[in-house]
Each structure stands twice: as structure tokens, then as C-alpha cells.
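Structure at a glance
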Amino acid sequence: MKFIGFGLLIISLSGCQGLSSSNLKKGATTGECFPHVSLEQRSSDCDLVPWVDYWMLVSQLGWEQRQNQLSLLTSLPSDRVKLILLSHVPNTPYQSRLRAQLVAQQFMQSRDDKLAEFIRTIVFEPAQEKLELESALTTQTQFNIGQEKRLQTQSEKLAEQAQQINKLLQIEKTLLKNHQKPNHE
């Protein structure tokens, strides 16, 4: 079901540019995806399908493999997109996903195109929600651990007090036995 929705979103995002004739007139001004690269490379970088394919491909890699690929990336905008996609796979450590969220946020703020919209809608927002849930879960877990420690301390104190009460009862019992014995003197 998610894949159908995802596919519809990709198709609708791809169709949005076709509906706007102003994008065709702008061409080399604001509608460019990556203005620093050749026109051939720029058009392929702007197409969402290769980015979705790339994301699906890297989603099958383990974290160590993706980490190696991350170390080879530069500060080029296309490498920023790769960093974002490489770091938004479920088995990516929390800190790496958090760093990638910052990169994604900067990327989206610097652009106004369908690739930025794809990053925002499909990658950034779900990942942000997941990070917030994980943060809340961590906070709740820490609270629960604190409560568990307090309960353990209270249980130990109760056991200690029960032991003291038993000792006092034994002393009282002994005193009562000694007091009830008749003196034969």
C-alpha cells in the first residue's frame, strides 16, 4: 500500500513540472537542479526516478557499506542528495540520521524544485517524525530506568525494615517468655 502511495507521489511530482509552462521558459535561470554541472548531467540529476532507484539500491546495503560510500562524498549538491539518501535507511545509527536531517534541511532551504520536494515529503518529514519518536522513547526509557532504580531502593529499604521488625518481634517474644517464667528464688 505504501509503495502505491509512493508511486503516485512520484508520478504527481514528475507531472507538476510538465504542467507548468513557466518552467520551460525559465530553463537556465531558477528551474535548474544542479547549475554547476553540464546540461546532460543536470537533467539526469533532476529526474526523480534515478534518485528513487538509488535510494532503493542503497537501502539494501548494510550500514558499513553505506558508511564507506558516505566517506567518498564531496560537498557537491548531488553528493548532498546521496548523503541524505544513504543516511535515511532504517538500519542507520541515530546520530548519522540526525546529521543527515540537518543536511536535508539545508538542502531543502536552498532549493525550490521537485527534488527538494521529494526530499522533504518522502525522506525528511517521515525521518523527522521517527527521530522525534525515538527521542521520546529514549526519554521515557530513561525515566523508567530512574523509576525502576527508585523502586529497587524502596524494596531494599522495605526488606531491611521488615528484617528489623522481625528482630524486634523476636526480642519482644524473648522478653515475654522471660517475664512469664516463674521465679524460683
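Presented here is a report on the structure given in the accompanying data block. (Residues numbered from 1 in each chain as written. Predicted model: local features only at pLDDT ≥ 70, side-chain atom pairs only at ≥ 80, totals over all residues. Heavy atoms only, no water.)

**Regarding the packing of aromatic side chains**
- Applying the stated criterion across every chain yields a total of 2 aromatic pairs.
- Taken together, a centroid distance of 6.2 Å and an interplanar angle of 85° make the contact between Trp51 and Tyr54 edge-to-face. Linking Trp51 with Tyr54, this pair stays in helix 4 (residues 48-58), spanning 3 residues, or about one helical turn.
- Looking at Trp51, the relative accessible area reads 5%, which means it is buried. (Phe/Tyr/Trp six-rings, centres within 6.5 Å; stacked < 30°, edge-to-face > 60°. Helix = DSSP H or I, 4+ residues; strand = E, 2+ residues; numbered from the N terminus. Buried < 20%, exposed > 50% of the residue type's maximum accessible area, 1.4 Å probe, protein only.)

**Considering the pattern of salt bridges**
- Tallied over the entire structure, the rule returns 4 salt bridges.
- The residue Glu134 makes a salt bridge to Arg97 at a minimum N-O spacing of 2.9 Å. Of the two residues, Glu134 is situated in helix 8 (residues 114-180) and Arg97 in helix 7 (residues 94-109); the sequence distance between them amounts to 37 residues.
- The class for Glu134 is partly exposed, based on a relative accessible area of 22%.
- Among the residues examined, Arg97 registers a relative accessible area of 7% and is labelled buried.
- Measuring nitrogen to oxygen at the nearest pair gives 2.5 Å for the salt bridge that ties Glu125 to Arg120. (Salt bridge = Lys/Arg side-chain N within 4 Å of Asp/Glu carboxyl O.)

**Regarding helix 8**
- For helix 8, which comprises 67 residues, the first-to-last C-alpha distance of 96 Å matches the rise-based estimate of 99 Å (1.5 Å per residue) to within 8%.
- Within helix 8, the axis deviates most sharply at Arg120, by approximately 35°.
- All buried positions along helix 8 are accounted for by Lys114, Leu115, Ala116, Phe118, Ile119, Ile122, Val123, Phe124, Ala127, Leu131 and Gly146. (Expected span 1.5 Å × (residues − 1). Bend = angle between axes of the 7 residues up to and from the residue.)

**Concerning the nonpolar core**
- Ranked by size, the top nonpolar core spans 27 residues in total, and within it Trp55, Leu85, Phe118, Ile119 and Val123 carry the most contacts.
- For this core, the secondary-structure elements that each account for two or more residues are helix 4, helix 5 (63-71), helix 6 (77-86), helix 7 and helix 8.
- The leading source of residues in this core is helix 8, at 7 residues. (Core = buried A, V, L, I, M, F, W, Y, C linked by side-chain atoms within 4.5 Å.)

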